[in-house]
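Topology and contacts: notes
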Amino acid sequence: MSFRNFLLCTGILLILFLGMYTWNRTTGILDDISSEIGLEAGGAVLTPFRQIEAAVEGLWKDYADLRAVREENKKLAGRVQELEAQVLTHQEDVAELRRLREFLKMPTDVSWHPIGARVLSGRLSPNSRLESFTINRGYTNGAAPGTPVVTSKGLLGRVQRASAHTATVFLVTNPLSRIAILTQKTRSPGILAGTGSNKALQTLYVSRDTKAETGEILITSGLDGKFPKGIPIATITSITPSTHTAFMTIEAEPLADFTHVEEVLLLEPTGAEQVLKPEERPNFVGPLLPEFLNRATQKNKQNGDNQQGGMQ
């Protein structure tokens, strides 16, 4: 290519450029086209980078959120365990409260003072039935020997032996147990005797003309002075007329559940005398106990002394 042709091409291009420049200054079309092309090219380049950045940022946020959720889950799991422990504790407290409320239904009078106690242990017999309980009270705090012991269901037994702060309770099933009782409906008196673990209680000295029925509740009569009047003891399971005595053969099942006892109530005598109305004094059937003989002897002696004093 000659120099002349080069100058000619250069001049033509210059003229075209100046013409297009002048036209663009007048109309602005080329600026718009170039701006649009530039924006599209920039957008095409920047969009993938922004998408990658957003994806990376999202992944980081998700990771951070996941760590926060895991930490929160750990805290919530610990809180749940704590609340579950509290619920179990409260359930136990509610169950204990219900058992203690049942004690309020026990009929007592001014001559007996109730004292709560907890069962520490129970001794098992060869027949896998409880023979005695050890409680957390002794003769210094209300559990003197002979003190009646009841549950929310009924009479459990009496304190047999006591130390300063613990005591052993023998149950009503003990063969040495003798309790003056009444049938709850027919008010028939008798003596309830224990026959040993895993055996039915026997009711002695109940007259053959009694109207007692199977399923009737036996309660303490209070005539022996060892127990308050009206404490439920057992349910009559069978009644058989005796062929060789003037009494009925009656068997009963204890009301107290010996295998699920946690709290008991001790009935400590206060020394105050409970005055009974004549209609509340049932006829006592059976041999007199030693304390009744002593009371009768003292009363007769006092009456004799009063009569001699009046004659003088």
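If you're wondering where the values come from, they're calculated on a predicted model, not measured in any experiment.

Ordered by their spatial adjacency, six strands build a closed barrel running β6-β7-β8-β11-β10-β9, and the pairing between neighbours is antiparallel. Across this sheet, the average inter-strand angle for adjacent strands is 40°, counted without regard to direction. Pairing of strand β6 (residues 178–183) with strand β9 (residues 217–220), which is carried by three bridges, proceeds in the antiparallel orientation. Directly across from Leu182, in β9, lies its bridge partner Ile219.

We now examine the pairing of strand β11 (residues 247–254). Where strand β8 (residues 201–207) lies against β11, five bridges are found, and the strand directions are antiparallel. Paired with Val206 across the strands is Met248, a residue of β11. Pairing of strand β10 (residues 232–241) with β11 involves seven bridges; the strand directions are antiparallel. Its bridge partner lying in β11, Thr240 is registered against Thr249. Between β10 and β11, which pair antiparallel one after the other, the connecting turn spans five residues.

A surface patch of nonpolar side chains, amounting to about 410 Å² of accessible area, comprises Leu8, Ile12, Leu13 and Leu16. Tracing the sequence through the fold places Leu13 in helix α1 (residues 3–27). According to the relative accessible area criterion, Leu13 is exposed, its value standing at 58%.

The rules behind these values
Residues numbered from 1 in each chain as written. Predicted model: local features only at pLDDT ≥ 70, side-chain atom pairs only at ≥ 80, totals over all residues. Heavy atoms only, no water. Pairing = 2+ DSSP bridges. Helix = DSSP H or I, 4+ residues; strand = E, 2+ residues; numbered from the N terminus. Axes fitted to C-alpha atoms, helices over the stretch in contact; angles between N-to-C directions. Patch = residues over 30% accessible without salt bridge, like charges linked within 9 Å, V, L, I, M, F, W, Y side chains within 5 Å. Areas by Shrake-Rupley, 256 points an atom, 1.4 Å probe, with all protein chains shown as cover. Salt bridge = Lys/Arg side-chain N within 4 Å of Asp/Glu carboxyl O. Buried < 20%, exposed > 50% of the residue type's maximum accessible area, 1.4 Å probe, protein only.

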